[in-house]
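Structural overview
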Amino acid sequence: MEILIIIISAIFVNNILLAQFLGICPFLGVSNKLSTAVGMSGAVCFVITLATVVTFLVNQYLLVPFGLEFLQTIAFILVIAALVQMVEIVLKKISPSLYQALGIFLPLITTNCAVLGVAITVVTKQFSFGGEPHMLNLGEATVYALATSVGYGLAMILFAGLREHLALNDVPKSFKGLPIALITVSIMAMAFLGFSGIV
């Protein structure tokens, strides 16, 4: 039951983009085309999940035992940067077209605050299930990271579909581009707010 609560909460209730506003830069930049948004969502999903697992282990077995918790942010940033470089190398080999389509936004995953935000949340926030607050174990942290990244991807793909529709519609000149995109995101955020009573 706790795993189901973690999944629903991370995807819908506390969506990292629409409720916590983390990772907005690539969200607005890559969401012009659905295909690019799907690729970026996949890359972010992979990086968030892998980075959370690795940073959790680094924190649990390196930083905490030696009393170096104050180095969490720096250590996590270094781990995330290394992982993004690895993803970039793999994408360049496996899918050059996706690598080209993502362009500058692939290195931006390194500075995507959603990745760092999830990694830090997992090791610092106490989650409450049935009134008992506790820290996540590795399995729960992995599920939380995967569900959070799925929520990120869901929001990005929905938004990309809406932006493709908006490009075909007759939008007033003063609202074209980013203004109508921001209005659309705010309406999406209000729609996701409706899930807040579930968990």
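What comes next is a walk through the structure. (Residues numbered from 1 in each chain as written. Predicted model: local features only at pLDDT ≥ 70, side-chain atom pairs only at ≥ 80, totals over all residues. Heavy atoms only, no water.)

**Topic: the overall build of the protein chain**
A count of helical and extended segments in the protein chain gives nine helices and two strands. Against the globule reference of 16 Å for 199 residues, the protein chain gives a C-alpha radius of gyration of 18 Å, in line with a compact fold. Its C-alpha atoms put the protein chain at 60 × 45 × 25 Å along the principal axes. Per-residue burial for the protein chain yields a buried fraction of 42% across its 199 residues. (Helix = DSSP H or I, 4+ residues; strand = E, 2+ residues; numbered from the N terminus. Rg over C-alpha atoms; globule rule 2.2 N^0.38 Å. Buried < 20%, exposed > 50% of the residue type's maximum accessible area, 1.4 Å probe, protein only.)

**Quick notes on unusual backbone geometry**
Trans is the prevailing form of peptide bonds, just as negative phi is the prevailing case for residues other than glycine. For Phe 21, which is not a glycine, the phi torsion comes out positive at approximately 60°. Within the element layout of this structure, Phe 21 appears in the loop between α1 (2-13) and α2 (24-30).

**Points about the nonpolar core**
With 51 residues, the main nonpolar core has Leu 18, Phe 27, Ile 109 and Tyr 144 as its most contacted residues. Looking at this core, the elements with two or more residues in it are α1, α2, α3 (34-63), α4 (72-94), α7 (113-124), α8 (138-168) and α9 (178-193). For this core, the element with the highest residue contribution is α3, accounting for ten residues. With near-sequence residues (within four places) excluded, Leu 18 lies in contact with Ala 155, Val 185, Met 188, Ala 189 and Phe 192. (Core = buried A, V, L, I, M, F, W, Y, C linked by side-chain atoms within 4.5 Å. Contact = heavy atoms within 4.5 Å.)

**Some details on α7**
The terminal C-alpha atoms of α7 lie 16 Å apart, and with twelve residues this matches the ideal 16 Å at 1.5 Å per residue to within 8%. A large share of α7 lies buried, amounting to nine of its twelve residues. Of all the residues in α7, the buried ones are Ala 114, Val 115, Leu 116, Gly 117, Val 118, Ala 119, Thr 121, Val 122 and Val 123. (Expected span 1.5 Å × (residues − 1).)

**Brief notes about the packing of aromatic side chains**
Tallying each qualifying case throughout the model produces five aromatic pairs. Ring geometry for Phe 12 against Phe 195: centres 4.7 Å apart, planes inclined by 35°, an arrangement best described as tilted. Of the two residues, Phe 12 is situated in helix α1 and Phe 195 in the segment after α9; the sequence distance between them amounts to 183 residues. Note that Lys 125 overlies the ring of Phe 127, its terminal NZ or CZ placed 5.0 Å from the centroid. (Phe/Tyr/Trp six-rings, centres within 6.5 Å; stacked < 30°, edge-to-face > 60°. Lys NZ or Arg CZ within 6 Å of the ring centre and 35° of its normal.)

**Comments concerning the environment of Leu 78**
Tracing the sequence through the fold places Leu 78 in helix α4. Along the backbone, Leu 78 and Val 115 are 37 residues apart, and their C-alpha atoms lie at a distance of 12 Å.

**Details of a nonpolar patch on the surface**
On the surface, Phe 46, Met 86, Val 90 and Ile 94 cluster together into a nonpolar patch covering about 400 Å² of accessible area. Counting residues per element, the nonpolar patch draws most heavily on α4, which supplies three residues. By the element assignment, Ile 94 lies in helix α4. Judged by relative accessible area, which is 66%, Ile 94 ranks as exposed. (Patch = residues over 30% accessible without salt bridge, like charges linked within 9 Å, V, L, I, M, F, W, Y side chains within 5 Å. Areas by Shrake-Rupley, 256 points an atom, 1.4 Å probe, with all protein chains shown as cover. Salt bridge = Lys/Arg side-chain N within 4 Å of Asp/Glu carboxyl O.)

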